[in-house]
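Understanding the architecture of this molecule
Take a look at the letters that make up each chain.
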Amino acid sequence: MAYSDATVLEKLQARRDAILDELAAMTSASAGGKPDSTQGGIGHVAYKKSLYEELDMITGRLAGMSQEPFEVVVEGCT
C-alpha cells in the first residue's frame with residue numbers, strides 16, 4: 001500500500017509526538033527510567049536509547065520532507 005506524501009508526513013509527526021510523550025512521561029519507576037536489571041535481563045537504558053535514536057531518524061526524515069525541491073545542473077565539456 002502506497003501512502004501519499006501528506007499521509008507519510010502525518011504518520012511521522014504522530015510517531016514523533018508519541019515518542020516525545022513517552023520520553024516526557026518516563027520516571028524512575030517506569031520502563032526506560034530505571035537502570036538496567038541484571039536479574040531480570042531488562043535493558044531500560046537500551047529502550048530509552050532506542051527511543052532517542054528513532055526520534056533522530058524521524059526528525060531527519062521530517063527535515064528532508066520539508067525542504068523545497070531543487071534542481072542541480074552540472075555542465076561540462078569533453
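Residues numbered from 1 in each chain as written. Predicted model: local features only at pLDDT ≥ 70, side-chain atom pairs only at ≥ 80, totals over all residues. Heavy atoms only, no water.

With that settled, the discussion passes to the environment of Asp36. The residue Asp36 is located in the loop between helix 1 (5-25) and helix 2 (44-66) in this model. Here the alpha-carbon distance between Asp36 and Ser50, two residues 14 residues apart in the chain, equals 14 Å. Look past the residues within four positions of Asp36 in its chain and what remains in contact with it is Ile42, Gly43, His44, Val45 and Ala46. (Helix = DSSP H or I, 4+ residues; strand = E, 2+ residues; numbered from the N terminus. Contact = heavy atoms within 4.5 Å.)

The end-to-end C-alpha distance of helix 1, which contains 21 residues, comes to 30 Å, matching closely the 30 Å that a straight helix rising 1.5 Å per residue would cover. Three or more residues of helix 1 are buried, namely Leu12, Ile19 and Leu23. End-on, the buried residues of helix 1 take up no more than an arc of 35 degrees, which puts them together on one face. With respect to the buried face of helix 1, the exposed residues turned more than 90 degrees away are Glu10, Asp21, Ala24 and Ala25. Taken together, the buried residues of helix 1 touch helix 2. (Expected span 1.5 Å × (residues − 1). Buried < 20%, exposed > 50% of the residue type's maximum accessible area, 1.4 Å probe, protein only. Arc of directions from axis to C-beta.)

Our next topic: the nonpolar core. Nonpolar side chains in soluble globular proteins generally cluster together in the buried interior. Judged by nonpolar contacts, Leu12, Ile19, Leu23, Met26, Leu51, Leu55, Ile58 and Leu62 together constitute the single largest core of 8 residues. For this core, the secondary structure elements donating two or more residues are helix 1 and helix 2. Per-element accounting of this core gives the leading share, 4 residues, to helix 2. Those residues in contact with Met26 that sit more than four places away from it in its chain are Ala31, Gly32, Gly33, Tyr47, Lys48 and Leu51. (Core = buried A, V, L, I, M, F, W, Y, C linked by side-chain atoms within 4.5 Å.)

The first and last C-alpha atoms of helix 2 sit 33 Å apart over 23 residues, in line with the 33 Å expected at 1.5 Å per residue. Those residues of helix 2 lying buried are His44, Leu51, Leu55, Ile58 and Leu62. The elements touched by buried residues of helix 2 are helix 1.

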